[in-house]
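# Overview (structure and organization)
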Amino acid sequence: MKKSLMLWGLLLALSFFLVGGSQPVQASGTIKVGIVLPLTGKMAKFGEMEKQSFEMALAEINAAGGINGKKLELLIEDTTGRPEVGRSVAEKLITKDKVVMIGGGYSSSVTYAVAGVCQQNQVPFLVNTGSADKITSSGWDYIYRLNPPVSKYASAVESLLTEVIKPKTVAILHENSLFGSKGAKSFAKLCKKFGYQVVLNEGYENGGIDYKPVLIKVKQKNPDIIYMISYVMDASLLMKQAKELKLTPKMFIGGAAGFTMPEFRENAGKASEKVISATLWHQILPFPGAMDYYKKFKQRFHKDVDYHGAEAYSACYVIADVLKRTKSLKNTDIKAALAATDMMTVFGPVKFTTWGKLKNQNKANTYVVQWIDGKLELVWPAKLATKPLVYPVDWLQTWGY
Amino acid sequence: MKKGNLTVGIFALLLLLFPLVVRSSYYQHLLIIIFIWVIIGSSWNLLAGYAGQVSFGHAIFFGVGAYTAGILVTKLGVSAWWGMLLGGFIAMAVALFVGWVCFRLRGPYFALATLAGGEIFRLIAINWESLTEGMVGILIIPTFKSKLPYYYLSFGLAAACILAIHLIMRSKWGYYFVSIREDQDAAESMGINTNRYKNIALLVSAFFTGLAGAFYMNYMGFIDPDVVFSLHYISIMAILVGIVGGVATIMGPAVGAVVMVGLQETFRSSFFGLAPQWVSEGHAIVFGLLVIFVIMFMANGIVGDWNKISRLFWRRKAVRT
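In what follows, the accompanying structure is described. (Residues numbered from 1 in each chain as written. Chains lettered and ligands numbered in written order. Predicted model: local features only at pLDDT ≥ 70, side-chain atom pairs only at ≥ 80, totals over all residues. Heavy atoms only, no water.)

## A word on the overall build of chain A
Of the regular secondary structure elements, chain A holds 14 helices and 16 strands. The C-alpha radius of gyration computed for chain A amounts to 23 Å, which stays within 12% of the reference 21 Å derived for 401 residues, consistent with globular compactness. For the C-alpha atoms alone, the extent of chain A along its principal axes is close to 70 × 60 × 40 Å. Relative to its full complement of 401 residues, chain A shows a buried share of 61%. Looking at chain A alone, contacts between residues at least 24 apart form 69% of all its contacts between residues at least 6 apart. Carbon and sulfur atoms form 55% of the exposed surface of chain A, whose accessible area is close to 15,200 Å². Taken together, the 51 basic and 34 acidic charged side chains of chain A have centroids lying 4 Å from each other. (Helix = DSSP H or I, 4+ residues; strand = E, 2+ residues; numbered from the N terminus. Rg over C-alpha atoms; globule rule 2.2 N^0.38 Å. Buried < 20%, exposed > 50% of the residue type's maximum accessible area, 1.4 Å probe, protein only. Contact = heavy atoms within 4.5 Å. Areas by Shrake-Rupley, 256 points an atom, 1.4 Å probe, with all protein chains shown as cover. Lys, Arg positive; Asp, Glu negative; His and termini not counted. Charge placed at Lys NZ, Arg CZ, Asp CG, Glu CD.)

## Focus on the pattern of salt bridges
Residues and elements named next belong to chain B. The final tally for this structure, using the stated rule, is 23 salt bridges over all chains. Two residues, Lys75 and Glu133, come together in a salt bridge whose shortest N-O distance is 3.5 Å. Here Lys75 is found in helix α3 (residues 59-76), whereas its partner Glu133 is found in the loop between α6 (129-132) and β1 (138-139), with 58 residues between them in sequence. Its salt-bridge partner being Arg181, residue Glu182 comes within 3.1 Å of it at the nearest N-O pair. (Salt bridge = Lys/Arg side-chain N within 4 Å of Asp/Glu carboxyl O.)

## What about the sheet that holds strand β6 (residues 169-175) of chain A?
Residues and elements named next belong to chain A. Across the sheet, which stays open at both edges, the 7 strands sit in the order β7-β6-β8-β9-β10-β15-β16 with mixed pairing between neighbours. One side of each edge strand has no neighbouring strand; the edge strands of this open sheet are β7 (197-204) and β16 (375-380). Going from strand to strand, the sheet's axes swing by 25° on average, the running direction of each strand aside. Relative to strand β8 (residues 225-229), β6 runs parallel, the two being bridged by 5 bridges. (Pairing = 2+ DSSP bridges. Axes fitted to C-alpha atoms, helices over the stretch in contact; angles between N-to-C directions.)

## With respect to the side chain of B:Glu265
Along the chain, the position of B:Glu265 falls in helix α13 (residues 252-268). When its relative accessible area of 3% is taken as the criterion, B:Glu265 is described as buried. With sequence-adjacent residues up to four places away left out, B:Glu265 is seen in contact with A:Ser88, A:Lys92, B:Tyr26 and B:Leu30.

## Brief notes about the environment of A:Lys303
All names here are of chain A. Among the structural elements, Lys303 can be located in the loop between α11 (290-301) and α12 (307-325). The class for Lys303 is partly exposed, based on a relative accessible area of 28%. Separated by 37 residues in sequence, Lys303 and Ala340 place their C-alpha atoms 35 Å apart. Once you skip the residues sitting within four places of it in the chain, Lys303 turns out to touch Glu48, Gln52, Phe297 and Lys298.

## A look at the packing of helix α12 (residues 231-245) of chain B against helix α15 (residues 283-297) of chain B
Residue and element names in this part refer to chain B. Running from N to C, α12 and α15 cross one another at 45°; their axes reach a closest spacing of 10 Å. It follows from the interaxial angle that α12 and α15 lie oblique. Relative to α15, the crossing made by α12 is left-handed. Facing Leu240, Ile243 and Val244 of α12, the residues of α15 in contact are Leu290, Val291, Val294 and Ile295. (Parallel < 35°, antiparallel > 145°, perpendicular 65-115°, else oblique. Left-handed = near helix turned anticlockwise from the far one by under 90°.)

## Focus: the pairing of strand β3 (residues 101-104) of chain A
Residue and element names in this part refer to chain A. Neither face of β3 is exposed, since Met101 and Gly103 on one face and Ile102 and Gly104 on the opposite face are all buried. Of the strand pairs in this sheet, strand β1 (residues 30-37) and β3 are connected by 4 bridges, and their pairing is parallel. Note that in β3 the partner of Val33 across the bridge is Met101. Alignment of β3 against strand β4 (residues 125-127), held across 3 bridges, turns out to be parallel.

## So, the nonpolar core
Residue and element names in this part refer to chain A. Residues Phe54, Leu126, Leu173, Phe187 and Leu323 are the most contacted members of the largest nonpolar core, which totals 112 residues. Ranked by residues supplied to this core, first place goes to α12 with 11 residues. Shared between two domains, this core takes at least three residues from each, and those domains are domain 1 (26-149 + 288-362) and domain 2 (154-279 + 366-398). Beyond its immediate sequence surroundings of up to four residues, Phe187 is in contact with Ala154, Val157, Leu161, Val170, Ile172, Ile225 and Tyr227. (Core = buried A, V, L, I, M, F, W, Y, C linked by side-chain atoms within 4.5 Å. Domains from an automatic or database assignment.)

Okay, here's the thing in structure tokens:
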């Protein structure tokens, strides 16, 4: 008896799946695009910001007439930040929802897994945040990327170092995931190129709460600059604990991600002051609509937005532009339209080219920002700066000792 | 027993026909993930449920199997399919070492030791970059575009795993395992070499988990240390699959795998798009509630407490067979 009941239960569950599978998908009059983002889990904060930016852009695009009269529809799905779930999501979007292309992609490992599925199914994928070089250097022709690869994140810092700071010794701290360790490697390479001595290069577990052991090591080496690649919580803790230890190099430099987030200021407080960070975008950049986008976002969601949001917002406009220009919704036509992209967005000009080992990669600039009196200011390149770079810094005075 | 065989037979037939009827690669993918969890859950169950050695470190064997397949490709240029053969055996070799260290301890101390073991392997995989590529991970292009080969292979592995455990539990070994679980000292005094049989349970368990890992590499095409050596997503999930389905039951982990993977996907996709989006953000809570519920009211899992459940729903006094 009990076994047969079990059987019926399982059959019922199975049929539920089947019914779910046979639902009609493509409603006429809309064009469906899948967006993969981490909406739960450790990276949910960035994922949420990107989602809101996608939705903002979507509303604007559809209010302005959509895609040649048809409405654009975004299916924004949660990857939970895990590759195999990301893969489930991509499979679902492609085979069940029949999306014409995919966008989004936050963390490198998930982006990579999704890119694999897209390439195999020959569905175009426009990456807007996943930054590991491999994503566009694997020779995959259906994968396009809006944001620069992580190895180029430091190019503005590079010129700042050679022209202004001229350090002799460098300490590198990085969180241990693909993003952090790749970034640290390319920065170490850069140091070698300019003859800066790397006295310490250490990874740490993202999500820790005590960074003092590693910071004490840094203090013993007394480097000219400390370069840190961190997400927002570890960035705040690193700076707070550096302040407590009175660790005073010539400069603290953040490698994008956590150091430009408003939450960094909120959590680190005074310890965030005068810290500089590489960034890929800032609202004061001279791109049409950048400031407008920033203000609209702030008004609507009551929080600041950083480059993640700008990437997502721009990606949505690129997707709309591509779908307007494509001859048909066939994958090869969309791919051709992606390849022909040449437009201006709030993130800067977007054009996919092949350079070096990278294929279908947009060439985006990078910038340096500094927290000055509690506000993030663009300080480098000098000709675009909103405030001059504060350097050298008296840290103990800044921290109020 | 005969009726049970018939049920299992019909069910196996349905699963064999499934991908021929349902062409959507999305559903095929979900079932493949379920099969992987059937293997891991059943293997965990053999060691923890039957032999009583609760492991919090099954990610070790899963990860080692996956990395065996991956490293064969990146370092030796050998097809990752050889990893399917080798992955299980390398996982066994690692299991010998793990057993040598951890079986000195009993009960919760054994559990803690395996938990630490899992983290150690994860950190090794992160830092031994020359071998494992570190956090960059290993990428291979999967051999088949179609999901059918993966589907049948994983189904076959899952079926073989369940069958093997079923046979083992009917043999002398099975009785030894249970006696060790019930009272290790009494078993020892009966003349059972408890250390040897605990190791045997671990080796079999590690073998199948390693196979699952190697299959994961072949199928997913991408691994990194946080994915395959994850405490949360592999080791703990293995325990949950076992507990929810039913510890020390043959079909328990299989039911557990269906429930866990099914629930996760149902909630993640907001009931396949039928419910509002915010539902998807609740999947973590649902998992937590489910585990609390199972532990409080159905300590033997869905299969183990089937009588209780059927009484609850049908108000009928079921007879335990």
